[in-house]
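# Tertiary structure, described
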Amino acid sequence: MAKILMLNSSCCSSQILSPHKTTISSLSLSKAMAMCSSFCPRTPFHPRAIKHQNSLQFKAFSTHASSTSPPKDETPARIGFLGLGIMGSPMAQNLIKSGCDVTVWNRTKSKCDPLISLGAKYKSSPEEVAASCDVTFAMLADPESAVDVACGKHGAASGMSSGKGYVDVSTVDGATSKLISSQIRSTGALFLEAPVSGSKKPAEDGQLIFLTAGDKSLYETSAPFLDIMGKSRFYLGDVGNGAAMKLVVNMIMGSMMASFSEGLLLSEKVGLDPSVLVEVISQGAISAPMYSMKGPSMVQSLYPTAFPLKHQQKDLRLALGLAESVSQPTPIAAAANELYKVAKSHGLSDQDFSAVIEALKVRLQQRT
Ligand SMILES: NC(=O)C1=CN([C@@H]2O[C@H](COP(=O)(O)OP(=O)(O)OC[C@H]3O[C@@H](n4cnc5c(N)ncnc54)[C@H](OP(=O)(O)O)[C@@H]3O)[C@@H](O)[C@H]2O)C=CC1
Ligand SMILES: O=CC(=O)O
């Protein structure tokens, strides 16, 4: 999907400044240009929300982010963010740093504190966040927590009403997403599922890939915010399609990591240097950023957590359920899932998913 950027070149000099007057060094040029166009009143492209059927109408950024006052009928969007784990915290942080009016909530309140210091507001329940915001994002661990936060007691749905939107960016299965969608939409609000591809570093750098599905008008009004947090976005149609796309991608990723782990250990066992294997792979047709990023630390048996192993196993489990639902054989993913289960049983749930290699070491030790 191409982003269309209409730039007024006079506002984009060699050093592009954010509204907070800091150089945007970690953002891509296209993102910086898009942000520049957002803040420059002379550019034809401006992320003001379009008026839609259910009157979702707002501008993307708070007034201090713009050099001119907004028209009187536009108020700055109030953005809610629920779930401040490895992914949610940097995503919310990027919204705040871009000048958005952000209200946060997290089950463990202490994780809100760094964001409050950056200017976020705080509410003590998902319901209160949803009631006080125009669009609420949720980044929760798994289907159970996503349902609980959206539909449980004092959940977001209780604070939703017509004119509001709920964007669930958690990785869940289609059935869960449809359940949340129906609860949210029964209040008159709009729903978008938008799981992300990309891990901790892309979340920090605003380089995530959004896989969205659901209410198209919410997709359009949320686009300026998705573009702050991500580098691309796909609109895939009906609720369930975004979840399915995410699960297929992560099914492939989990199998790739399991296979890479076998290769590293086999190379070592036959007397090769696994670091050289990582280098060889990086130069050939099977190279992937994941191998180059994770390989060197895996060789040292280090697994600093970016994507928790428990979440990778959850995604494999959900992907296998998806495959089962259409009778698609997925023997490789099924075998990989077993390996992640072994890793979990050895206490590796909260390590990075690359720690799955330890499950193979355990097996080797048990056999010898
Ligand atoms: N890390 C990654 O690289 C990526 C992760 N994802 C997906 O994004 C989602 C979040 O991942 P990540 O940030 O890594 O996960 P974390 O485990 O770091 O964070 C999980 C979040 O869910 C909250 N949570 C868990 N259980 C409950 C519950 N019962 N009620 C309320 N809140 C709950 C946690 O709250 P608390 O702080 O209180 O524990 C925390 O805010 C997952 O679905 C994951 O699969 C997608 C792409 C990449
Ligand atoms: O879900 C994990 C990712 O890296 O994407």
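Residues numbered from 1 in each chain as written. Chains lettered and ligands numbered in written order. Predicted model: local features only at pLDDT ≥ 70, side-chain atom pairs only at ≥ 80, totals over all residues. Heavy atoms only, no water.

## A word on the packing of aromatic side chains
Within the structure shown, the criterion is met by five aromatic pairs. An angle of 15° between the planes, with centres 6.0 Å apart, marks the rings of Phe81 and Phe137 as stacked. Here Phe81 is found in strand E1 (residues 78-82), whereas its partner Phe137 is found in strand E4 (residues 135-138), with 56 residues between them in sequence. Just as Phe81 is buried, Phe137 falls in that class too. Geometrically, the ring pair formed by Tyr219 and Tyr235 is tilted, given 5.1 Å between the ring centres and 40° between the ring planes. Residue Tyr219 is found in helix H8 (residues 216-229), and its partner Tyr235 is found in strand E9 (residues 230-235); the two are separated by 16 residues along the sequence. For Lys109, the ring lying beneath its charged end belongs to Tyr122, and the centroid distance is 4.8 Å. (Phe/Tyr/Trp six-rings, centres within 6.5 Å; stacked < 30°, edge-to-face > 60°. Helix = DSSP H or I, 4+ residues; strand = E, 2+ residues; numbered from the N terminus. Buried < 20%, exposed > 50% of the residue type's maximum accessible area, 1.4 Å probe, protein only. Lys NZ or Arg CZ within 6 Å of the ring centre and 35° of its normal.)

## Examining the pattern of salt bridges
Counting across every chain of the model gives 11 salt bridges. Between Asp215 and Arg185 there is a salt bridge, and its shortest N-O distance comes to 2.9 Å. Of this pair, Asp215 sits in the loop between strand E8 (208-214) and H8 while Arg185 is found in helix H6 (residues 174-185), placing the two residues 30 residues apart along the sequence. When its relative accessible area of 46% is taken as the criterion, Arg185 is described as partly exposed. (Salt bridge = Lys/Arg side-chain N within 4 Å of Asp/Glu carboxyl O.)

## Focus on unusual backbone geometry
Positive phi, normally seen in glycine, also occurs at Ser301, with a value near 55°. Take Ser301: its relative accessible area is 36%, and that puts it in the partly exposed class. The phi angle at Ser327 is positive, at roughly 55°, despite the residue not being glycine. With respect to the secondary-structure elements, Ser327 resides in the loop between helix H12 (309-325) and helix H13 (331-345).

## Brief notes about the UniProt feature "domain: 6-phosphogluconate dehydrogenase NADP-binding" (unreviewed entry) in the chain
The UniProt feature table records "domain: 6-phosphogluconate dehydrogenase NADP-binding" (unreviewed entry) at residues 78-237. Its end C-alpha atoms 26 Å apart, residues 78-237 is made of 39% helix and 24% strand. (UniProt positions renumbered as here; feature names shortened; annotations may be inferred.)

## What to know about the packing of helix H10 (residues 274-282) against helix H11 (residues 289-299)
When two helices pack together, their arrangement is given by the angle between their axes and by how far apart the axes lie. Contact geometry for H10 and H11: axes closest at 9 Å, N-to-C directions at 175°. As far as their axial angle goes, H11 and H10 are roughly antiparallel. Every residue of H11 that contacts H10 at Pro274, Ser275, Val278, Ile281 and Ser282 is listed here: Tyr291, Ser292, Gly295, Pro296 and Val299. Residues belonging to the contact of H10 with H11 are distributed by class as follows: six nonpolar, four polar and no charged. (Axes fitted to C-alpha atoms, helices over the stretch in contact; angles between N-to-C directions. Parallel < 35°, antiparallel > 145°, perpendicular 65-115°, else oblique. Contact = heavy atoms within 4.5 Å. Nonpolar A, V, L, I, M, F, W, Y, C, P; charged D, E, K, R; others polar.)

## A closer look at the site of ligand 1
Around ligand 1, the surrounding shell holds 25 residues, and the nearest of these are Asn106, Thr108, Lys111, Ser199 and Lys314. Lys111 places a side-chain nitrogen or oxygen 2.7 Å from an oxygen atom of ligand 1. Between Ala141 and ligand 1, the recorded distance is 2.9 Å, taken from a backbone N or O atom to an oxygen atom. Expressed as a share of its isolated accessible area of 890 Å², the protein-covered part of ligand 1 is 88%. Within the residue set of the shell around ligand 1, elements represented by two or more residues are helix H5 (143-151) and H12. Per-class residue counts for the shell around ligand 1 are 11 nonpolar, nine polar and five charged. For the shell around ligand 1, the domains that each give at least three residues are domain 1 (15-238) and domain 2 (245-367). (Near = heavy atom within 4 Å. Polar contact = N/O pair within 3.5 Å; in protein donor to acceptor, adjacent residues only side chain to side chain. Areas by Shrake-Rupley, 256 points an atom, 1.4 Å probe, with all protein chains shown as cover. Domains from an automatic or database assignment.)

## Considering the site of ligand 2
Taken together, Ser197, Gly198, Ser199, Lys246, Asn250, Met253 and Phe307 form the complete shell of residues around ligand 2. Gly198 has a polar backbone atom sitting 2.9 Å from an oxygen atom of ligand 2. A distance of 2.7 Å separates an oxygen atom of ligand 2 from a polar atom in the side chain of Lys246. In the complex, the protein chains occlude 88% of the 190 Å² of accessible area that ligand 2 would expose alone. Ranked by residue count, the leading element in the shell around ligand 2 is helix H9 (residues 241-269), at three residues. There are two domains that each give the shell around ligand 2 at least three residues, and those are domain 1 (15-238) and domain 2 (245-367).

## As for the pairing of strand E6 (residues 190-193)
The two faces of E6 match: Leu190 and Leu192 on one face and Phe191 and Glu193 on the other face are all buried. Two elements, strand E5 (residues 165-168) and E6, share four bridges in a ladder whose sense is parallel. In the sheet register, Gly165 faces E6, and the bridge partner there is Leu190. Running through H6, the crossover from E5 to the neighbouring parallel element E6 is right-handed. (Pairing = 2+ DSSP bridges. Right-handed = clockwise from strand over helix to strand, strands pointing away.)

## Let's talk about the environment of Tyr166
With respect to the helices, strands and loops of the structure, Tyr166 is situated in strand E5. Distance from Tyr166 to Ile180, taken between C-alpha atoms, is 9.5 Å for residues 14 residues apart in sequence.

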